[in-house]
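One letter stands for each residue in the lines below.
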Amino acid sequence: MRRPKLTFGALILALFPLGTSEAQTGATYITTSDVDATENAAAARLAESNRTISDIMIRHVDVGDEQLGVAVVQRTKRERGGPLRGIAHVKLDEIYYVLSGEGTMVTGGPITETSLSEGSMLGPMRSGLTRGGTSQQMGPGDIAIIPKGVPHPWSEITSDTISYLVFRTDPDKVMDLK
């Protein structure tokens, strides 16, 4: 499948304008080969461990007042129906850019039977059953902006896998740098 053309530097600068910073004095570059290698590692992780999701950080840098991160996430096929479990990040905003595959993302709506977890990859996160919300078909080149606190599960993934870049803002610096 042909990947939509995107100048990653232009997207990153448009979404995360860089100011002056003691921590970061120059740009951080992520090449297509960096993305491809991470996407391949995500696919290998899915295949070897029978997982349904792989989230691998490419870079997470300190830019002064906050940190910014870019990861590749891959998810396996999901049939429509059944209970829908979602997550809501407590301290991170996310932007998804679909590289390949197709599915339906649901954002918003109530989240019940929640549990709170915390890790160095995504900071504090609520997870639980979701109902309602807004469904949106997503495919290559599509972008979703997901504010912190908004539940966001995939109700269906129609391709064998869906692969997307996730750009994360980290104003409270809860994630480990890479």
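Remember, it's a predicted structure, so these values are computed and weren't measured experimentally. (Residues numbered from 1 in each chain as written. Predicted model: local features only at pLDDT ≥ 70, side-chain atom pairs only at ≥ 80, totals over all residues. Heavy atoms only, no water.)

Undergrad: What am I meant to see in the sheet that holds strand E3 (residues 85-89) here?
TA: Across a sheet, strands are paired by hydrogen bonds formed along the backbone, either parallel or antiparallel in direction. The sheet built from 3 strands is open, its strands ordered E3-E7-E6 with antiparallel pairing. Of all the strands in the sheet, just E3 and strand E6 (111-119) have a single pairing partner and so form its edges. Across the sheet, the axes of successive neighbouring strands diverge by a mean angle of 25°, strand direction being ignored. Across 5 bridges, E3 lies against strand E7 (residues 123-130) in antiparallel orientation. Note that in E7 the partner of Ile87 across the bridge is Ser127. (Pairing = 2+ DSSP bridges. Helix = DSSP H or I, 4+ residues; strand = E, 2+ residues; numbered from the N terminus. Axes fitted to C-alpha atoms, helices over the stretch in contact; angles between N-to-C directions.)

Undergrad: Any chance you could explain unusual backbone geometry here in plain terms?
TA: Glycine aside, residues mostly have negative phi angles, and peptide bonds mostly take the trans form. The backbone of Glu113 sits at a positive phi, close to 50°, despite the residue not being glycine. Positionally, Glu113 belongs in strand E6. Taking relative accessible area as the criterion, Glu113 reaches 62% and is therefore assigned exposed. Backbone geometry at Lys173 places phi at a positive 55°, although glycine is not the residue there. (Buried < 20%, exposed > 50% of the residue type's maximum accessible area, 1.4 Å probe, protein only.)

Undergrad: Would you mind going over the side chain of Arg75 with me for this structure?
TA: Inspection of the secondary structure assignment puts Arg75 in strand E2 (residues 67-78). Asp55 provides the closest opposite charge to the buried, unpaired Arg75, separated from it by 7.0 Å. One polar contact links Arg75 to Tyr164, side chain to side chain, over a distance of 2.8 Å. For Arg75, the residues in contact, after removing those within four places along its chain, are Leu46, Thr52, Ile53, Trp154, Ile157, Asp160, Thr161, Ile162 and Tyr164. (Lys, Arg positive; Asp, Glu negative; His and termini not counted. Salt bridge = Lys/Arg side-chain N within 4 Å of Asp/Glu carboxyl O. Polar contact = N/O pair within 3.5 Å; in protein donor to acceptor, adjacent residues only side chain to side chain. Contact = heavy atoms within 4.5 Å.)

Undergrad: In this structure, what is going on with the pattern of salt bridges? I would like to understand it.
TA: Applying the stated criterion to the full structure yields 7 salt bridges. In this structure, Asp55 engages Arg168 in a salt bridge whose closest nitrogen and oxygen atoms are separated by 2.6 Å. With Asp55 in strand E1 (residues 53-62) and Arg168 in strand E10 (residues 154-170), this residue pair connects regions lying 113 residues apart in the sequence. Just as Asp55 is buried, Arg168 falls in that class too. One network of salt bridges, in which partners are shared, links Asp55, Glu94 and Arg168.

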